[in-house]
2 protein chains.
Amino acid sequence: MSDKDITERPVRQKRPGGRTADVTRRINDAVLELLAEGGIDACTFQNVANRAGVERSTLYRRCPDRWQAIIDAIIEFARREAAFHDTGTFRGDLSANLHNLANVLNGPLGSALITVAAALQGGAAPGQGERFWASRMKLLAPTFERAVARGEISADADWEEIFSMAAGPIYFRRLIASRPIGDEWIEKVVDEICARYRP
Amino acid sequence: MSDKDITERPVRQKRPGGRTADVTRRINDAVLELLAEGGIDACTFQNVANRAGVERSTLYRRCPDRWQAIIDAIIEFARREAAFHDTGTFRGDLSANLHNLANVLNGPLGSALITVAAALQGGAAPGQGERFWASRMKLLAPTFERAVARGEISADADWEEIFSMAAGPIYFRRLIASRPIGDEWIEKVVDEICARYRP
DNA sequence: CGTTAAAGCAACTATTTGTTGCATTAGTTG
DNA sequence: CAACTAATGCAACAAATAGTTGCTTTAACG
């Protein structure tokens, strides 16, 4: 029986290259454009499909819902945007990261990013919020590893705690306090963090 | 002619009392329940109308879109929830405030609150975000005034900066890092703030 | 080149959105 | 209390979106 053949060899060979990769890129770009232009409400499967030049049914076959598509696009965006420099010092790395963060939050995608983050915590797509945070901490890991190696922060420091203390006020100032994030303010935060977690 | 009578006196008299007030309350309750249960996606006009026992057309006559309904409900909730203590020390006041904040953020409405904040920044309701923050700082002012009078923080300290540094990590840990906010973590933040801004 | 994953295409149902005309209820004023 | 009418209830719309499905076509990969 053909059923037996199917069970005997792994028939499911993936084909992520070529056209599929191109479609993925077009979808991500379309999602980010729509988010920047009209926020989450503009990010319907219909609009994404039109903008990306992709069939709507293709989107449904890939994603359980639009939140999945949105979070995928944002993770990819974060990967591109997070140009994590190696400045030679922890202070320089942290400063570069926070300036980068401030630029994104001040940009057209800023409020959309936060809306997505909040929606994810609200149960829009269970587990996706954790997935985003994990990917972000993974990108940050080398920065902290270098800092520990240089002896700039203590070896048993909690990296998540440090980054929360540093980035939290940045988010807060933009999101809750409705204030622009100035360079001098970022430097103040950096100074505080470096002083506090010095071994 | 009766037409002339109509033009001579302002015919548009509002009727905010009685039934209207009751409908408003039922709508707000329904929105908060749906937000807590299923997040933003669950908060359709259809669901709100069913839950509140109100006609859908009534919702459309009141709100331009669901964001307005959500924002109204959240603002009303925040008005009820805000409780500011006078514990006798700045450390105690700050701790009480942050615990209060953490409780709200950890609760079922936590992410909905942040979503609304993000929506306000995204232009959903121009000016509302700034007004909300101003009222919040106004409520916090006595706490800082007492702290200055007691000599617990320096007289020229920036109150907005202090509160941003304190509350920012709380928001961040819940919103971005997808972590629960523990009591010991809050105390750590309080310690840092008190030590940093001591005169 | 042959196999077949993956995308294109089209038709379909269900839900949500947003609007409108008319009937009914009840807040407000004299 | 009674008259006026704002506000809601009710019902029938049209349009967009959400999902799903069967079949065809394209092209990735061995």
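Residues numbered from 1 in each chain as written. Chains lettered and ligands numbered in written order. Predicted model: local features only at pLDDT ≥ 70, side-chain atom pairs only at ≥ 80, totals over all residues.

Caption draft 1: Layout of the overall build of chain A. Regarding its fold elements, chain A presents ten helices and zero strands. Listed by position from the N terminus, the elements making up chain A come as α-α-α-α-α-α-α-α-α-α. Per-residue burial over chain A gives 37% buried out of 199 residues. For chain A, the proportion of contacts with a sequence separation of at least 24, taken over those separated by at least 6, is 62%. (Helix = DSSP H or I, 4+ residues; strand = E, 2+ residues; numbered from the N terminus. Buried ≥ 20, exposed ≤ 12 C-beta atoms within 10 Å, placed from the backbone. Contact = placed C-beta atoms within 7 Å.)

Caption draft 2: Here's a closer look at the nonpolar core. Counting 104 residues, the largest nonpolar core has Val-31, Leu-98 and Val-116 of chain A together with Val-31, Ile-70, Leu-98 and Tyr-171 of chain B as its most contacted members. Other than its neighbours up to four places away in sequence, Tyr-171 of chain B contacts Gly-168, Tyr-171, Phe-172 and Ile-176 of chain A together with Leu-105 and Ile-114 of chain B. (Core = buried A, V, L, I, M, F, W, Y, C linked by C-beta atoms within 7 Å.)

Caption draft 3: Seen up close, the interface of chain B and chain A. On the side of chain A, 30 residues touch chain B, which itself brings 31 residues to the contact. Per-element accounting of the side of chain B that touches chain A gives the leading share, ten residues, to helix α9 (residues 159-175) of chain B. The class makeup of the residues in the side of chain B that touches chain A is 15 nonpolar, ten polar and six charged. (Nonpolar A, V, L, I, M, F, W, Y, C, P; charged D, E, K, R; others polar.)

Caption draft 4: Broad picture of helix α6 (residues 90-106) of chain A. Residue and element names in this part refer to chain A. For α6, built from 17 residues, the straight-helix expectation of 24 Å at 1.5 Å per residue is met to within 8% by its first-to-last C-alpha distance of 24 Å. Among all positions in α6, only Phe-90, Asp-93, Leu-94, Ser-95, Asn-97, Leu-98, Leu-101, Ala-102 and Leu-105 are buried. Contact partners of the buried residues in α6: α7 (110-121), α8 (128-150), α9 (159-175) and α10 (183-196). (Expected span 1.5 Å × (residues − 1).)

Caption draft 5: Broad picture of the confidence of the model for chain A. Residues and elements named next belong to chain A. Averaged over all residues, the pLDDT of chain A equals 86, while 91% of them reach at least 70. The lowest-confidence element of chain A is helix α1 (residues 2-8), averaging 36 in pLDDT; the highest-confidence one is helix α3 (residues 45-52), averaging 96. Here residues 1-11 is modelled with pLDDT under 50, and outside its nearest four sequence neighbours on either side it reaches one contact, counting other chains as well. (pLDDT = per-residue confidence, 0-100.)

Caption draft 6: Region of interest: unusual backbone geometry. Despite not being glycine, Ser-178 of chain A shows a phi value in the positive range, around 55°. Looking at the element boundaries, Ser-178 of chain A is found in the loop between α9 and α10.

Caption draft 7: Main features of the environment of Ile-186 of chain B. Residue and element names in this part refer to chain B. Looking at the secondary structure, you find Ile-186 in helix α10 (residues 183-196). The class of Ile-186 is buried, set by 21 C-beta atoms lying within 10 Å. A sequence separation of 88 residues divides Ile-186 from Leu-98, and the C-alpha atoms of the two residues are 6.9 Å apart. Excluding residues within four positions of it along the chain, Ile-186 makes contact with Ser-95, Leu-98, His-99, Ala-102 and Ile-181.

Caption draft 8: Quick peek at the environment of Gln-121 of chain A. Along the chain, the position of Gln-121 of chain A falls in helix α7. For Gln-121 of chain A and Asp-158 of chain A, which are 37 residues apart along the polypeptide, the C-alpha to C-alpha distance reads 22 Å. Setting aside chain neighbours within four positions, we find Gln-121 of chain A in contact with Gly-129 of chain A together with Ser-111, Leu-175 and Ser-178 of chain B.

Caption draft 9: Spotlight on α10 of chain A. Residues and elements named next belong to chain A. Compared with the 20 Å implied by 1.5 Å per residue over 14 residues, the 20 Å span of α10 between its first and last C-alpha is a close match. For α10, the complete set of buried residues consists of Ile-186, Val-189, Val-190 and Ile-193. Down the axis of α10, the buried set is contained in an arc of 100°. They therefore lie on one face. Pointing more than 90 degrees away from the buried face of α10 are the exposed residues Glu-184, Asp-191 and Ala-195. Turning to α10, the residues buried within the fold contact α6 and α9. (Arc of directions from axis to C-beta.)

Caption draft 10: Examining the relation of the copies chain B and chain A more closely. Overlay of chain B on chain A (RMSD 1.9 Å): rotation 179°, translation along the axis 0.3 Å. As the rotation angle and translation indicate, the two copies are arranged about a two-fold axis. Of every C-alpha in chain B, the one belonging to Gly-168 of chain B sits nearest the axis of rotation, 2.3 Å from it. (Least-squares fit on C-alpha atoms with pLDDT ≥ 70 in both.)

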